[in-house]
Amino acid sequence: MATKKISKNIKFEEALALLEEQVRLLEGGDLSLEESLEVFKYGIELSQICTGKLETAKQEVEKIVAADGGNGYRLETFQDLEVK
């Protein structure tokens, strides 16, 4: 099984779908040890991409949350947003 290349411009949803596919392959139990290791490595890369994209989105949301009354913007952490 050849190592797959991941596009630098991959969208979150596409990376997540590929990650889910890798999980299904591993759970299927039909792969050899070597194939399983390659699928696992690929899944780790996809997981890191998804985590990075989620962290970037989180930071963007924290920057643009509107202040009370809509008179401007202020920084709120995700924890602050969750309790409202």
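Scroll up a little and you will see the structure.
For clarity, every value in this text was computed on a predicted model and none was experimentally measured. (Residues numbered from 1 in each chain as written. Predicted model: local features only at pLDDT ≥ 70, side-chain atom pairs only at ≥ 80, totals over all residues. Heavy atoms only, no water.)

### A word on the nonpolar core
Rules: Buried Ala, Val, Leu, Ile, Met, Phe, Trp, Tyr and Cys residues form a nonpolar core when they are joined through side-chain atoms within 4.5 Å. Per-residue accessibility, obtained with a 1.4 Å probe over protein chains only, is compared with the maximum for each type, and a residue is labelled buried under 20%, exposed over 50%, and partly exposed between these values. What counts as a helix is a DSSP run of H or I of at least four residues, what counts as a strand is a run of E of at least two, and both are numbered from the N terminus. Residues count as neighbours in contact if any of their non-hydrogen atoms are within 4.5 Å of one another.
Ile 6, Ile 10, Ala 15, Leu 19, Tyr 42, Leu 46 and Cys 50 together form the largest nonpolar core, which totals seven residues. Looking at this core, the elements that each hand over two or more residues are helix 1 (12–28) and helix 2 (33–64). Broken down by element, this core gets its largest block of residues, three residues, from helix 2. If sequence neighbours within four positions are ignored, Leu 19 has contacts with Gly 43, Leu 46 and Ser 47.

### Points about a nonpolar patch on the surface
As a reminder of what qualifies: Within the patch definition used here, like charges are joined within 9 Å and nonpolar side chains (Val, Leu, Ile, Met, Phe, Trp, Tyr) within 5 Å, considering only residues with over 30% relative accessible area and no salt bridge. For the area figures, the Shrake-Rupley method with a 1.4 Å probe applies, and any residue is considered shielded solely by the protein chains shown. The rule for a salt bridge is simple: a side-chain nitrogen of Lys or Arg has to be within 4 Å of a carboxyl oxygen of Asp or Glu.
Taken together, the side chains of Leu 26, Leu 37, Phe 40 and Ile 44 present a nonpolar region at the surface, about 340 Å² in accessible area. A total of three residues in the nonpolar patch trace back to one element, the largest contributor, which is helix 2. Considering the arrangement of structural elements, one finds Ile 44 in helix 2.

### Topic: helix 2
Defined as follows: One less than the residue count of a helix, multiplied by 1.5 Å, gives the span that helix is expected to have.
Look at helix 2: 47 Å from first C-alpha to last across 32 residues, which is about the 46 Å you get at 1.5 Å a residue. Among all positions of helix 2, only Val 39, Tyr 42, Gly 43, Leu 46, Cys 50 and Glu 62 are buried.

### A few points about the packing of helix 1 against helix 2
To keep things clear, this is the line we draw: Interaxial angle, 0 to 180 degrees, is taken between N-to-C directions of lines fitted to C-alpha atoms, where a helix line uses only the stretch in contact. An angle below 35 degrees is treated as roughly parallel, one above 145 as roughly antiparallel, one from 65 to 115 as roughly perpendicular, and anything else as oblique. By convention, the crossing between two helices is left-handed when the near helix turns anticlockwise from the far helix through less than a right angle, and right-handed when the turn is clockwise. Just so you know the grouping, Ala, Val, Leu, Ile, Met, Phe, Trp, Tyr, Cys and Pro go in nonpolar, Asp, Glu, Lys and Arg go in charged, and all remaining residues, Gly too, go in polar.
With their axes 9 Å apart at the nearest point, helix 1 and helix 2 run at an angle of 150° to one another. Between helix 1 and helix 2, the angle falls in the class roughly antiparallel. Our pair here, helix 1 against helix 2, has a crossing hand that is left-handed. Between helix 1, through Phe 12, Ala 15, Leu 16, Leu 18, Leu 19, Gln 22, Leu 25 and Leu 26, and helix 2, the contact on the second element is made entirely by Ser 36, Val 39, Phe 40, Tyr 42, Gly 43, Leu 46, Ser 47, Ile 49, Cys 50, Lys 53 and Leu 54. Among the residues making up the contact of helix 1 with helix 2, the classes are represented as 14 nonpolar, four polar and one charged.

### Quick look at the environment of Leu 31
Mapping Leu 31 onto the fold places it in the loop between helix 1 and helix 2. Residue class for Leu 31 comes out partly exposed when judged on its relative accessible area of 21%. Residues contacting Leu 31, with those up to four places away along its chain left out, are Leu 25, Leu 26, Ser 36 and Val 39.

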